[in-house]
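Per-entry structural report
Below, each chain spelled out in residue letters.
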Amino acid sequence: MELWGDGDAGEAEHPPAAPPDGEVSAVLVLEQAQVRDELLEAGSCHLRIVSAASPHRERASAGLFPETPDAADWMSQLNRETRSLTHLGCHLVLDSTPRDWRLLSDVMLWSEHAARLNPFTQLKKLSTFVRVTASPWMEVAIKVAILIQICLKSVAKSNTKEWKRGSGGVRFLVPLNIMEFAELIKTPRVDGVDNTEELWLLHANIDSTEKRFVGSLGTIIVKCKDLRVIQLDIPGMEECLNIASSIEALSTLDSVSLMYPFFYRPLFEVIEDGWQLFVPGEAFKDLESMTDEWRLSEVNKDFSVCPSYPSLLTVPKDIDDESLCKAASFRHGGRFPVLSYYHKKNGMVMMRAAQPLTGTNGRRCKEDEKLINATLCAGKRGYIIDTRTIAVAQQAKARGGGFEQEANYPQWRRIHKAIERSNILQESLIKLVEACNDQSHSMDRWLSKLEASNWQSHVKEILTTACLAAQCIDREGASVLVHGTEGTDSTLQVTSLAQIILDPACRTIRGFEALIEREWLQAGHPFQQRCAQSAYSNGKPRSEAPVFLLFLDCVWQILRQFPCSFQFNENFLIMLFEHAYASQFGTFLGNSVTERVKLQLSQKTVSLWSWVNRPQELERFLNPLYEPNNLVIWPSVAPQSLLLWEGVFLRWNRSTKCLDEAYQEMVHIIEYNKELQNKVNSLRRQLAQLETEDSPLQTP
């Protein structure tokens, strides 16, 4: 069977009598006249179907999309009417928007009307025909510009990263579970290759590409945001350039709404909606059970007071919304002090904000002073931890920013801790990855490059500041206010890590997810900007910085020092790093709650937590050594205690086979130990029962 978009349709070749074992093809479904008629009549598809087994050699109609004001309604109706095809093995699903088509198996459709509905009109000049052999007995011809999106993949033998080509073109396969949709792939056709290893790659994961040519052989070096490097060897200069240009175009889309999460539909059952798991109102209920000194304010319900804050904010009960608005006008970006953490052991709190706008004239704000003092108990002092050096804070005053004058905040002591800004951190990451990829095998060179990157120094600075904040709260019995300049980077690193140190709930999987939501996503960390580039990008850094990666590195350092106190393992942290930079889920899209609301992410994309919290996925992230520990944990920040996170920075450079085998052996030992412990407990119960039975016999 062949499906063609336009032009004359030739005779189709007869398919084999039966498909290979284990395969189900839509060709078998569409050979049934009744089902084929349902598909055509439901949507009046502009298709010419030529089938050797069909009595109707051609079937054409008047257009794929009817001339109705709302094509989305029509597509939704078509989706319902064709849903009955799925149980027959047809893997075609039409979603509720004209541009949102899903390819699940062997069928792709094309329409001449799709160009006017195509949001990628600027890429129309790159469109071409693609001929795909999805199985030995079926071919499909499509036009790529319609945005039925094909996966970029590399096919390799063994461990070599090569893009295998046959005489006709690059080979594509279509699995049902990890399809990566791409808007344009310029290749002529697909051939079968046996004994291959498949690599599936998100276009958003591509950080940069390099092209090299030796004679007629072209090579594309794909450098990814997760720090892996892939080499694609492609015979033919023109074909190599076509593929390279497509990859570059697809990996640099400007519009967020055109990214893959908006086209992704899960093939797993969504047990719980991750978008509804960690709403501010639910977290406030836990706080209400411990204290009545705080309230949930809706002052930012339309995001007009502070664009980077959520609509609901936890503030002192005695401060009204009018005072909050005045305090917001005194803070950078409107980020007035809000509650970050309540320490139920002694009632102390940690708040976060942005720098005050004191300027060179020493401006002050009575409402801001009242707001901060409202968090202090009678006779108590507090600490303001400024994540900038005193010199940087002084320079900020000249630009309208500044810091809290102790004369205006007499109950607060200000402490400056130096955590570097985003541009320094990005340079540090680039130098670190360069050192990790160094193949010189020189010890001096390796140690010199590692030290020059200053990455471990940044880890130490952040952990030291977080420990200081935790110490002020737990040991000094004082409340803390943390801020830097904007309050969206180093501030969140410190408040998050301090909670991991203080609160055992944050060391569980669900508690850590809630922490990410509360202290990063809802608190306004600009993920879209910070994670736009990684260590390999050729572009000039704008707002990119590995702020979240540094936080995860610090968490790993604590996890390594307290391996039994965390419910999750290292793989959980690595997974979060990967999805922050490139994901099929919408959780890390956008820079703030405001942007996520405008993008309608909760309606149009799937939450990462919906996937992670499925029992079969959670199993991969559980720490077999975990034993609940309700104590405060104090990590060492001595240089000798901080190690390079090999699981991220060296995982693509060397095999992890030995480590994986050691991990499996550890799991086996733990399980065996549990079995022995159960036997011991059972024998003890039996012994106690026998002693109880014997005691009456020994009584005179």
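Residues numbered from 1 in each chain as written. Predicted model: local features only at pLDDT ≥ 70, side-chain atom pairs only at ≥ 80, totals over all residues. Heavy atoms only, no water.

1. Here's the deal with the overall build of the protein chain
Regarding its fold elements, the protein chain presents 23 helices and 18 strands. Put simply, the protein chain has 700 residues, and 53% of those count as buried. Counted over contacts in the protein chain with a minimum sequence separation of 6, partners at least 24 positions apart contribute 70%. Split by element, the accessible area of the protein chain, about 32,000 Å² in all, is 51% carbon and sulfur. (Helix = DSSP H or I, 4+ residues; strand = E, 2+ residues; numbered from the N terminus. Buried < 20%, exposed > 50% of the residue type's maximum accessible area, 1.4 Å probe, protein only. Contact = heavy atoms within 4.5 Å. Areas by Shrake-Rupley, 256 points an atom, 1.4 Å probe, with all protein chains shown as cover.)

2. Some details on the confidence of the model for the protein chain
Per-residue confidence for the protein chain gives a mean pLDDT of 75; residues scoring 70 or more make up 71%. Confidence, expressed as mean pLDDT per element, reaches its minimum in the protein chain at strand β6 (residues 138-143) with 26 and its maximum at helix α16 (residues 547-561) with 98. Contacts from residues 1-191, a stretch scored under 50 in pLDDT, to residues over four places away or in other chains number 386 contacts. (pLDDT = per-residue confidence, 0-100.)

3. Some points on the sheet that holds strand β16 (residues 382-386)
As summarised here, the arrangement of the five strands in space is β14-β15-β18-β16-β17, forming an open sheet in which the pairing is mixed. Of all the strands in the sheet, the pair left with one neighbour each is β14 (338-342) and β17 (412-416). Averaged over all neighbouring strand pairs, the angle between strand axes comes to 25 degrees, with direction disregarded. Here β16 pairs with β17 via five bridges, running parallel. Bridging across to β17, aspartate 386 finds its partner in histidine 416. (Pairing = 2+ DSSP bridges. Axes fitted to C-alpha atoms, helices over the stretch in contact; angles between N-to-C directions.)

4. As for helix α14 (residues 509-521)
An α-helical turn contains 3.6 residues, so any two residues separated by three or four positions project in the same direction. By the criterion of burial, α14 is predominantly enclosed, with 11 of the 13 residues buried. Here α14 has its buried residues at Ile509, Gly511, Phe512, Glu513, Ala514, Leu515, Ile516, Glu517, Glu519, Trp520 and Leu521. Structurally, the start of α14 carries an N-cap: the backbone nitrogen of glycine 511 is 3.0 Å from a side-chain oxygen of threonine 508. (Polar contact = N/O pair within 3.5 Å; in protein donor to acceptor, adjacent residues only side chain to side chain.)

5. Observations concerning a nonpolar patch on the surface
On the surface, Phe213, Met237 and Leu241 cluster together to form a nonpolar patch covering roughly 240 Å² of accessible area. In this fold, leucine 241 is placed in helix α5 (residues 237-250). (Patch = residues over 30% accessible without salt bridge, like charges linked within 9 Å, V, L, I, M, F, W, Y side chains within 5 Å. Salt bridge = Lys/Arg side-chain N within 4 Å of Asp/Glu carboxyl O.)

6. Regarding the packing of helix α12 (residues 455-474) against helix α13 (residues 490-502)
The contact between α12 and α13 brings their axes to 8 Å, and the two run at 55 degrees. Considered as vectors, α12 and α13 are oriented oblique to each other. Where α12 crosses over α13, the handedness of that crossing is right-handed. Where α12 approaches α13, its residues Ile462, Leu463, Thr465, Ala466, Cys467, Ala469, Ala470, Ile473 and Asp474 are matched on the opposing element by Gln493, Val494, Leu497, Ala498, Ile501 and Leu502. (Parallel < 35°, antiparallel > 145°, perpendicular 65-115°, else oblique. Left-handed = near helix turned anticlockwise from the far one by under 90°.)

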